Amino acid sequence: LASGSPTEAYEIFLEYRTNWHNERDWGQLETILQLFKSHKAEAYIGLQLSDCWLKIQNGQVIEMFEQLPTIEKNLLSDHLAVDVDYSLEGEFRVLTLYRLYNYDHDYTASLNLCKNLHELIPENHFMAISYYWIFYGASLQVVRGTSQASDVLSQGWDSSENVLVRKNIWLIQCYIHYLG
């Protein structure tokens, strides 16, 4: 932003933000978002999504939901590079999944939204990956039962070499067996 190019600053921000996963990093994310706002930078989708993740982190979930229609409109109207477009769409869908499962309690809709969603999520985005597997496993358990949910999750474990994905699958498997 010091160079006067919000676009360039945004590209750098987007490149690094998916790896942030501790309290210090989230504080840094908040500082950077405030910096963009103070420069009246365009409302890039990645900034809006970052703001949503930050709101979840801070417990402002309802405020996050209020942002989703605007983000969806921007996703449909912006022309982005395909890989960026996919990853941002994946994040948006995970935030929608959060709402469907946790607040609307529409488990069938959340399960339908999960189809092929894991392919859109950025590989290192720990929050998106975590929420996806938690709500996918929980939706499977509610709609299809513990046994079938466990089988599907085991297939996900076997087919992934991503440590973050495997940890989340293991976590949700333990949880659904505890519930079952």
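Provided above is the structure to which this section pertains.
This is a predicted model, so every value here is computed, not measured.

**Quick look at the overall build of the protein**
What the protein contains, in helices and strands, is 9 helices and 0 strands. Each helix (α) and strand (β) of the protein, taken in turn from the N terminus, gives the series α-α-α-α-α-α-α-α-α. Once the C-alpha set of the protein is aligned to its principal axes, its extents read approximately 55 × 30 × 30 Å. Taken over 180 residues, the protein has a buried fraction of 46%.

**What about a nonpolar patch on the surface?**
A contiguous nonpolar patch, built from Tyr175, Tyr178 and Leu179 and spanning about 390 Å² of accessible area, is present on the exposed surface. With respect to the helices and strands, the residue Tyr178 is situated in helix 9 (residues 163-179). Since its relative accessible area comes to 69%, Tyr178 is described here as exposed.

**Description of empty space enclosed by the protein**
The gaps of empty space that remain are located by a probe, the size of a water molecule, rolled over the atoms. Taken as a whole and judged by the stated rule, the model has 1 cavity of 30 Å³ or more. Here the largest cavity is characterised by a volume of approximately 40 Å³. For the largest cavity, the full set of lining residues is Arg17, Thr18, Trp26, Leu29, Ser50, Trp53 and His125. Only helix 2 (23-38) and helix 3 (45-57) provide two or more residues apiece to the lining of the largest cavity. Among the residues forming the lining of the largest cavity, the class breakdown is 3 nonpolar, 3 polar and 1 charged.

What counts and what doesn't
- Residues numbered from 1 in each chain as written.
- Predicted model: local features only at pLDDT ≥ 70, side-chain atom pairs only at ≥ 80, totals over all residues.
- Heavy atoms only, no water.
- Helix = DSSP H or I, 4+ residues; strand = E, 2+ residues; numbered from the N terminus.
- Buried < 20%, exposed > 50% of the residue type's maximum accessible area, 1.4 Å probe, protein only.
- Patch = residues over 30% accessible without salt bridge, like charges linked within 9 Å, V, L, I, M, F, W, Y side chains within 5 Å.
- Areas by Shrake-Rupley, 256 points an atom, 1.4 Å probe, with all protein chains shown as cover.
- Salt bridge = Lys/Arg side-chain N within 4 Å of Asp/Glu carboxyl O.
- 1 Å grid on protein atoms, 1.4 Å probe; cavity = no way out; pocket = protein on both sides within 12 Å on 5 of 7 lines; lining within 4 Å.
- Points joined across faces, edges and corners; volume = space filled by probe spheres on them.
- Nonpolar A, V, L, I, M, F, W, Y, C, P; charged D, E, K, R; others polar.

Note that every value here comes from positions in space, so none of it alone points to a role or purpose.
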